[in-house]
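Close look at the chain arrangement
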Number of protein chains: 2
Amino acid sequence: MATRGIAANCRKVVCIGRNYADHIKELNNVRPKKPFFFLKPPSSILEPGQGPVLRPKGVNLHYEVELALIMGRKVQDLPQDDERGALDAIAGYAVSIDMTARDVQEEAKRKSIPWTAAKGFDTFLPVSKYIPKSAITDPHDVELWLTVNGTERQRDSTALMLFRIPRILSEISRVMKLEEGDIVLTGTPKGVGKVEVGDVMRAGVVVGGKEIEEAGIEVG
Amino acid sequence: MATRGIAANCRKVVCIGRNYADHIKELNNVRPKKPFFFLKPPSSILEPGQGPVLRPKGVNLHYEVELALIMGRKVQDLPQDDERGALDAIAGYAVSIDMTARDVQEEAKRKSIPWTAAKGFDTFLPVSKYIPKSAITDPHDVELWLTVNGTERQRDSTALMLFRIPRILSEISRVMKLEEGDIVLTGTPKGVGKVEVGDVMRAGVVVGGKEIEEAGIEVG
Ligand SMILES: [Mg+2]
Ligand SMILES: [Mg+2]
Ligand SMILES: [Mg+2]
């Protein structure tokens, strides 16, 4: 899978909303009682070297760094407490940036209509190279980071997730089966903000004090 | 494409909301100033013979019959008035039923969160066989119908669409490119309602007074 490309293998991208407490606060959102999710289209994936991210005219464009799970097998009706089943179903990882047209999203929220456009523009999902599963022994204990023009904007541990991966995969798979190649974004920590034309985003993940080489994103 | 199967070729399903005036009224919704859309996952597609539609426990399950467009080529930034470009990009059609967990959707609307779960359960997108393009010379002049246990519930002409196909494809493709095999649902006319376990839905499309054979859906 690693060589064929993350986008080519992907038929859906399922994204968890509001999964870090401090990020919920910074956007004045309500903390969910259970995980909720939305879809980004596979057509929004931007693989390494394919940048830049397009800035649709007049849009307030935000970055959200997230740990992405690349599924390795079909998952359907996974029990909430099946930690082993959840982790076994993951083939590998990627770092990703859930680009968001924040003003378009806020307008959708006011109208109670879907966020699809706000989240789904072409190029709105930069991903890193495929990270082999062996590089991340515990996905609940890695540090995600993102800089804009060299200034650090996000850096937090995935230990802060409100809903951990088994619960996330359980909630999704009780609605829609996950299939090999599908991608799950696990939510963003605090620090989201705006990028302008010309800004350069870098992102990555630190495991046990070491940068994972495959995880590096650099995108204009 | 017809033989490989509609689901196998599909990487996204883009659905237009509120595209028939009488349907907007029956759900007490606000008429949109421009088309808005949401995604169903390809994993929700149910091809002929694969039924029944699952009834998630305790859910108020609604049918919505819709004309589906099967895209034949990449479409990006299509101008609104490019009627020829829009119709040329369509490879064929299908009749589809946009199954909806109405209570889950209403709760999402109250919370201003995405409709993804309400629309995305496995089996929530029954489709007919592939309808060759030649069978529908004018997609704005066909009659969609749906019955439940033999009683007619929906029957209206696609001439009643508020936003016609070129406008729909333009709005979508200015956000996300459409690719070969992608599916676009064009909205449902009035008459949506509930189905219970054991109910049988039938649906189809009439062109120039004749039923299109490939368009027939029968699903439990
Ligand atoms: Mg999709
Ligand atoms: Mg996000
Ligand atoms: Mg619909």
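Residues numbered from 1 in each chain as written. Chains lettered and ligands numbered in written order. Predicted model: local features only at pLDDT ≥ 70, side-chain atom pairs only at ≥ 80, totals over all residues. Heavy atoms only, no water.

Some details on the pattern of salt bridges
All names here are of chain B. Applying the stated criterion across every chain yields a total of 32 salt bridges over all chains. Of the charged contacts, one joins glutamate 64 and lysine 119 as a salt bridge, the two residues approaching to 3.5 Å between their closest N and O atoms. Residue glutamate 64 is located in the loop between β4 (61-63) and β5 (65-71), and its partner lysine 119 is located in helix α4 (residues 116-120); the two are separated by 55 residues in the primary sequence. For the pair formed by glutamate 64 and lysine 119, the shared burial category is buried. (Salt bridge = Lys/Arg side-chain N within 4 Å of Asp/Glu carboxyl O. Helix = DSSP H or I, 4+ residues; strand = E, 2+ residues; numbered from the N terminus. Buried < 20%, exposed > 50% of the residue type's maximum accessible area, 1.4 Å probe, protein only.)

Side note on the relation of the copies chain A and chain B
Rotating chain A by 180 degrees and translating it 0.0 Å along the rotation axis places it on chain B, where the RMSD comes to 0.0 Å. Overall, the copies show the geometry of a two-fold rotation axis. The fraction of interface residues of chain A whose copies in chain B are also interface residues reaches 100%, indicating that both copies meet through the same surface. (Least-squares fit on C-alpha atoms with pLDDT ≥ 70 in both. Contact = heavy atoms within 4.5 Å.)

Description of the side chain of B:Thr116
Looking at the secondary structure, you find B:Thr116 in helix α4. Contact partners of B:Thr116, with chain neighbours within four places excluded, come to A:Phe37, A:Phe38, A:Leu39 and A:Met176.

Some thoughts on the coordination of the magnesium ion (ligand 3)
By definition of the ideal shapes, a tetrahedral metal site with four donors has angles of 109.5 degrees and an octahedral site with six donors has angles of 90 or 180 degrees. All names here are of chain B. Note on the magnesium ion (ligand 3): its protein donors are Glu64 (OE), Glu66 (OE) and Asp98 (OD). The metal-donor distances range over 2.0 to 2.1 Å. All donors of the magnesium ion (ligand 3) come from a single chain, and their spacing in sequence reads E-x1-E-x31-D. Taken together, the residues glutamate 66 in strand β5 and aspartate 98 in the loop between β6 (90-97) and β7 (100-101) connect sequence positions 32 residues apart. Classification of glutamate 66 as buried rests on a relative accessible area of 1%. Judged by its relative accessible area of 0%, aspartate 98 is buried. (Donors = N, O, S within 2.8 Å, 3.2 Å for Na, K, Ca; no water.)

Considerations on unusual backbone geometry
Here the residue pair A:Gly51 and A:Pro52 is connected by a cis peptide bond, since its omega of 5 degrees sits within 30 degrees of zero. Looking at the secondary structure, you find A:Pro52 in the loop between β3 (45-46) and β4 (61-63).

Some thoughts on the side chain of A:Ser44
Locating A:Ser44 in the fold gives a position in the loop between β2 (36-40) and β3. For A:Ser44, the side chain forms a polar contact with the main-chain oxygen of A:Pro41, separated by 2.7 Å. (Polar contact = N/O pair within 3.5 Å; in protein donor to acceptor, adjacent residues only side chain to side chain.)

Concerning the confidence of the model for chain A
On average, chain A scores 96 in pLDDT, and the residues at 70 or more come to 98%. If you check the scores for this complex, the pTM reads 0.97 and the ipTM reads 0.96. (pLDDT = per-residue confidence, 0-100.)

Looking at the sheet that holds β4(A)
Residue and element names in this part refer to chain A. One open sheet accounts for three strands, arranged β7-β4-β13; its pairing is antiparallel. Since the sheet does not close on itself, it has two edges, and those belong to β7 (100-101) and β13 (193-194), each with one partner. Note that β4 and β13 share two bridges and pair antiparallel. Among the inter-strand pairings, tyrosine 63 is bridged to a residue of β13, identified as glycine 193. (Pairing = 2+ DSSP bridges.)

Structural notes on the interface of chain A and chain B
With 30 residues of chain A at the interface, the matching set in chain B holds 30 residues. Across the chain A/chain B interface, buried area totals approximately 2,600 Å², and carbon plus sulfur atoms make up 60% of it. The three residues of chain A that bury the most area against chain B are A:Arg11, A:Pro114 and A:Val175, which together make up 22% of that side's buried surface. There are zero salt bridges connecting chain A and chain B. Viewed at the interface, chain B and chain A are joined by 17 residue pairs in polar contact (both at pLDDT 80 or more). Elements that contribute at least two residues to the side of chain A that touches chain B include exactly β2 and α4 (116-120) of chain A. Tallying contributions element by element places β2(A) first for the side of chain A that touches chain B, with five residues. (Buried area = accessible area lost by both parts, 1.4 Å probe.)

Considerations on the sheet that holds strand β12 (residues 183-185) of chain A
Strands pair in a sheet through their backbones, by hydrogen bonds, and they do so in one of two ways: parallel or antiparallel. All names here are of chain A. Strand order in the open sheet formed by six strands is β2-β1-β12-β5-β6-β9, and the pairing between neighbours is mixed. Whereas interior strands pair on both sides, the edge strands pair on one side only; in this sheet they are β2 and β9 (131-132). For strand β5 (residues 65-71) and β12, the ladder comprises three bridges, and the chain directions are antiparallel. Within β12, the residue paired with alanine 68 across the bridge is leucine 185.

A short note on the packing of aromatic side chains
Residues and elements named next belong to chain A. Inspection of every chain in the model, using the stated rule, returns six aromatic pairs over all chains. A centroid spacing of 5.1 Å and a plane angle of 45 degrees characterise the contact between phenylalanine 121 and phenylalanine 124, whose relative ring orientation is tilted. According to the relative accessible area criterion, phenylalanine 121 is buried, its value standing at 12%. Here a set of aromatic residues connected by ring pairs shows up, and it is made of Phe36, Phe38 and Trp115. (Phe/Tyr/Trp six-rings, centres within 6.5 Å; stacked < 30°, edge-to-face > 60°.)

Structural notes on the pairing of β5(A)
All names here are of chain A. In terms of burial, β5 is a largely internal element, seven of the seven residues being buried. Neither face of β5 is open: one carries Val65, Leu67, Leu69 and Met71, the other Glu66, Ala68 and Ile70, and all of them are buried. Sheet topology places β5 next to strand β6 (residues 90-97); seven bridges connect them, and they run antiparallel. Paired with isoleucine 70 across the two strands is glycine 92, which belongs to β6.

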